[in-house]
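An overview of the molecular structure
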Amino acid sequence: MKAVTWQGHNKVSVETVPDPQIQQTNDAIIEVTSTAICGSDLHLYEVLGPFMTPGDILGHEPMGRVVEAGPDSNLAVGDRVVIPFQISCGSCFMCLRGLQTQCEVTQVREQGMGAALYGFSALYGAVPGGQAEYLRVPHADYSPIKVGNELPDHRYLFLSDVIPTAWQGVAYTGLKSGDSIAIIGLGPIGQFAARIAKHQGMKVYAIDPVAERRAMAARHGVMVFDTGEESLNQIREATDGRGPDGVVDAVGMEAHGSPIAKAAQISAQFLPDALGKAMMQTVGVDRLAALYSAIELVRRGGTISLSGVYGGAASPLPLITMFDKQITVKMGQANVKNWVDKILPLVEDPADPLAVDDFITHTLPLTDAPGAYEMFQKKEDGCIKVVLDPTRSAV
C-alpha cells in the first residue's frame, strides 16, 4: 500500500509499505477514505524528530470502511467508521472514568507516557498511522466510531481528533453561556473551539496572526484580533478591564516568537538520537509565547485550558503571576470517546451548527502529502485544514 512516511526534519514522502495484517482477535483493518493532516503532525515534521525513525507512517485523523474484521472486533466488513487518534480499551480504570488518553492497557510505559497514539513517534508507541491506504485498528471492539452512510466523509472525519479536542478545550474552562472566552490560535483546533464556545452562548474573542484564519472565524460570529499587546488590551477593555473568564491555548509548542526555544527545538533535530531525545526530555524547548499571552490575558481567578501540545520537560512558567492571579490550568490530550455522544448529533444536524462545511481548505490525493505538509507548515495559500484522499489519483 501507499503511505505517508517521516523521513527527517521537515521531510515526508509517500512510499510503498507492507499492507497491515490482523494481529489480535479484536483487530480490524480499514480502507482509509479520508485522512487529515493535524497541527500535531507538524510537531513531528519540525520538532520531535529525535523520537522518529525514517519510514514511520504518519497520521492520526482517519476514517474509512472495514475490509477485515477480527472475530472479537464488534465490526463487520463494510462498516463505515471514524478512528479516534488514541488507542484505548474501554474497560480499564482510566477508560471507565472517561480518560481514554490514559488507558492502562495501551499506556506506553517504557516512555512514561499515556495511551498509544496512531502515527505519533516512539513516545506514543510508534504505531503506524492513518495517512495510508489501509490501517490496522487495535481494540476495534471499542475504539472505532460507527457512522452512517448518508453524509460525506468531511461531516464525520473530525470526530477523530479536531472537534473532540476543541470540545474538551472549551469544557475544561468550566464556562457557561454568557461567560467570556478567548481562543489563542485559529488553526484547526482554535477554529472549532471558537465555534463550540459560540454555539454554547459564550462571548468569544480569538487571536491569530494569519488574516485568512481570522476571516474564517469572523464568518461565524467570532470577534477576531491580530497578535500583540494592543489586541490583549482591546480584549481586556471589552471584558470590563478584567480579561476573559477563560482562555484556550490552541497553539502549543510551535508558537511564534521565543527565538531561544526555537533554536533549541531545531538543534535537537540534528543531534544524535540519544542526545536529541535527552535534550527534548530535560530542556525547556517549548516556544511559550501563546501560553504567556494566556496567563497575561485571563482574568484573576480565571481558567486556562491547554489544547495545544507542549513537549518540554523544563519549560519556564511565571508561577508568581499564576499564583498571584489564582489561575486554574487544565490540560491534556482529548479523550475522544468521552465527548462523541455530545458532538455526533451536531455534525449530523442538517443545519450544521458547528459549520463543519466551512472548514476544509484543501483536499488532495495522498501522493500530494509532501507539498501539503510544507504548505500547512508555512501557512501558504490560505491553508487551514488539509484532507488527504487515498482513493483519489494525482492529477
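We now turn to the structure provided with this report. All figures in this text were calculated on a predicted structure; none of them were measured in a lab.

Attention shifts here to the overall build of the chain. When helices and strands are tallied, the chain shows 12 helices and 15 strands. Each of the three principal axes of the chain carries a C-alpha extent, and together these read 60 × 50 × 50 Å. Across the 395 residues that make up the chain, the buried fraction comes to 55%. The long-range fraction of contacts in the chain, counting pairs at least 24 apart against all pairs at least 6 apart in sequence, stands at 72%. For the chain, the exposed surface amounts to about 15,700 Å²; the carbon and sulfur share of it is 52%. Computed over 31 positive and 44 negative side-chain charges, the separation of the two mean positions in the chain equals 5 Å.

For the rest of this paragraph, the subject is the sheet that holds strand β13 (residues 328-331). An order of β10-β9-β8-β11-β12-β13 is seen for the six strands of this open sheet, with the pairing classed as parallel. Sheet topology places β10 (223-225) and β13 at the edges, where each strand pairs with a single neighbour. Between one strand axis and the next, the sheet turns through 20° on average, direction left out of account. Across four bridges, the pairing between strand β11 (residues 246-249) and strand β12 (residues 303-306) is parallel.

Right, let's get into helix α1 (residues 39-46). Burial runs high along α1: seven of the eight residues are buried. For α1, the complete set of buried residues consists of S40, D41, L42, H43, L44, Y45 and E46.

What follows covers a nonpolar patch on the surface. On the surface, Y292, L317 and L319 cluster together into a nonpolar patch covering about 290 Å² of accessible area. For L317, the position within the fold is in the loop between β12 and α10 (319-324).

Conventions and cut-offs
Position numbers for residues count from 1 along each chain, tracking the sequence in the order it is written. At least 70 in pLDDT is required for a residue's local features to be given in this predicted model, at least 80 for side-chain atom pairs to be given and counted, and no such filter applies to totals for whole chains, interfaces and linings, which use all residues. Side-chain descriptors were evaluated using all non-hydrogen atoms of the structure, hydrogens and water having been removed beforehand. Here a helix means four or more residues in a row that DSSP labels H or I, a strand means two or more in a row labelled E, and each is numbered from the N terminus. Throughout this description, buried means an accessible area under 20% of the type-specific maximum (1.4 Å probe, protein chains only), exposed means over 50%, and partly exposed covers the range between. Should any heavy atoms of two residues lie within 4.5 Å, those residues are considered in contact. The protein chains shown are the only cover counted for residues, whose accessible areas, like all others here, come from Shrake-Rupley with a 1.4 Å probe. Neither His nor the chain termini are counted; the positive set is Lys and Arg, and the negative set is Asp and Glu. Note on charges: their place is set at NZ of Lys, CZ of Arg, CG of Asp or CD of Glu. DSSP bridges decide pairing: two strands pair if at least two such bridges lie between them. Throughout, an axis means a line fitted to C-alpha atoms (over the contacting stretch in the case of helices), and angles, computed between N-to-C directions, take values from 0 to 180 degrees. The patches reported here contain residues having more than 30% relative accessible area and no salt bridge. Joining distances are 9 Å for like charges and 5 Å for nonpolar side chains (Val, Leu, Ile, Met, Phe, Trp, Tyr). A pair is scored as a salt bridge if a Lys or Arg side-chain nitrogen falls within 4 Å of a carboxyl oxygen belonging to Asp or Glu.

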